[in-house]
Amino acid sequence: MTVVPRHKVFVSFHSEDKHFKDAILEIMEYDFIDQSVGEDDIDDSLATETVRQKIRDEFIRDATVTIVLVGKCTWQRKHVDWEIGSSLRDTKFNSRCGLIGMLLPGHPDSGSGKFSLSRIPPRLADNISGEDPFAFVLEWSTDPNFLRQWIHHAFLRRYGAPPNNSRPQFKRNRSGICSAGWKD
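What counts and what doesn't
- Residues numbered from 1 in each chain as written.
- Predicted model: local features only at pLDDT ≥ 70, side-chain atom pairs only at ≥ 80, totals over all residues.
- Heavy atoms only, no water.
- Salt bridge = Lys/Arg side-chain N within 4 Å of Asp/Glu carboxyl O.
- Helix = DSSP H or I, 4+ residues; strand = E, 2+ residues; numbered from the N terminus.
- Phe/Tyr/Trp six-rings, centres within 6.5 Å; stacked < 30°, edge-to-face > 60°.
- Buried < 20%, exposed > 50% of the residue type's maximum accessible area, 1.4 Å probe, protein only.
- Lys NZ or Arg CZ within 6 Å of the ring centre and 35° of its normal.
- Contact = heavy atoms within 4.5 Å.
- Axes fitted to C-alpha atoms, helices over the stretch in contact; angles between N-to-C directions.
- Parallel < 35°, antiparallel > 145°, perpendicular 65-115°, else oblique.
- Left-handed = near helix turned anticlockwise from the far one by under 90°.
- Nonpolar A, V, L, I, M, F, W, Y, C, P; charged D, E, K, R; others polar.
- Pairing = 2+ DSSP bridges.
- Right-handed = clockwise from strand over helix to strand, strands pointing away.
- Lys, Arg positive; Asp, Glu negative; His and termini not counted.

(A) The arrangement of the pattern of salt bridges in detail. Taken as a whole and assessed by the stated rule, the structure comprises nine salt bridges. Among the ionic pairs, E49 bridges to R52, the shortest N-O distance being 3.5 Å. Taken together, the positions of E49 and R52, both in helix 2 (residues 48–60) and three residues apart, correspond to about one turn of that helix. The closest approach of N and O atoms between R123 and D81, which form a salt bridge, is 2.9 Å. Taken together, the positions of R123 in helix 4 (residues 122–125) and D81 in helix 3 (residues 78–88) put the pair 42 residues apart, joining distant regions of the chain.

Structure below.
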């Protein structure tokens, strides 16, 4: 049996899906080190660029893998977009993270075996296509062995295929019916 190291993981999610974040942290308590933003870690009154900088420099900076919990409204959230963008950067102070999306129960495509690119965060969608994608989208799982293996796989791929981080960052949350998807 291969021993998988304990990785530093940043969990990105829409606040309405916080119970899934709590569940994955409980399931993986001894398998990874949580680098995620907690409640009240960032003051809502801060300027946009300050919030982006705090997310990047205080939370994602030491992470090696980012898991995006993809609920029905996650595709339109500016903080999720910023967190994915920061995870894809590779700079002197912030190394690139591996990237995994997880379709949550309740997502319109959950359990179908496939998903619509318009129902996942656009920056994540930009990184899951082609023969050698940078990122992967999986179904929600509570199996720690499954999660451990995919987290390690994402960690190993973080310097494989180059990520696509060319999309402009969201300036605000996207609007519209959550299940309809995003439009450029």
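Further notes follow.
(B) View of the packing of aromatic side chains. Taken as a whole and judged by the stated rule, the model has three aromatic pairs. Seen in terms of ring centroids, F20 and W140 are 5.2 Å apart; in terms of plane orientation they differ by 75 degrees. Their pairing is edge-to-face. Linking F20 in helix 1 (residues 18–27) with W140 in the loop between strand 5 (136–139) and helix 5 (144–157), this pair joins segments that are 120 residues apart in sequence. Residue F20 shares its accessibility class with W140, and that shared class is buried. By way of ring pairs, the aromatic residues F136, F146 and W150 are connected into one cluster. For R174, the ring lying beneath its charged end belongs to F170, and the centroid distance is 3.9 Å.

(C) Spotlight on the environment of I60. Here I60 is to be found in helix 2. Its relative accessible area of 2% is what places I60 among the buried residues. Ignoring sequence-local partners within four residues, the contact set of I60 consists of F10, I55, E83, S86, S87 and C97.

(D) Up close: the packing of helix 2 against helix 3. Packing of helix 2 against helix 3 brings their axes to within 10 Å, and their N-to-C directions diverge by 50 degrees. As summarised for this structure, helix 2 and helix 3 are arranged oblique, according to the angle between their axes. Helix 3 is crossed by helix 2, and the crossing has right-handed handedness. Residues T48, V51, R52, I55, R56 and I60 of helix 2 form the contact with helix 3, whose participating residues are H79, W82, E83, S86 and S87. Residue composition of the contact of helix 2 with helix 3, by class: four nonpolar, four polar and three charged.

(E) Local environment of the pairing of strand 1 (residues 7–12). Summarising burial for strand 1: five of the six residues are buried, a large majority. Here strand 1 pairs with strand 2 (residues 32–34) via three bridges, running parallel. Bridged to V9 within strand 2 is D34. This β-α-β element, strand 1 to helix 1 to strand 2, shows right-handed connectivity. Looking at chain direction, strand 1 and strand 3 (residues 65–70) are connected through four bridges and run parallel. Its bridge partner lying in strand 3, V9 is registered against V65.

(F) Representation of the side chain of K21 within the structure. Relative to the helices and strands, K21 resides in helix 1. Within the buried core, K21 has no salt-bridge partner, and the shortest N-O distance to an opposite charge, that of D34, equals 4.5 Å. Residue contacts for K21: discarding those within four places in its chain leaves V11, F13, D34, S36, V37, G38 and L69.

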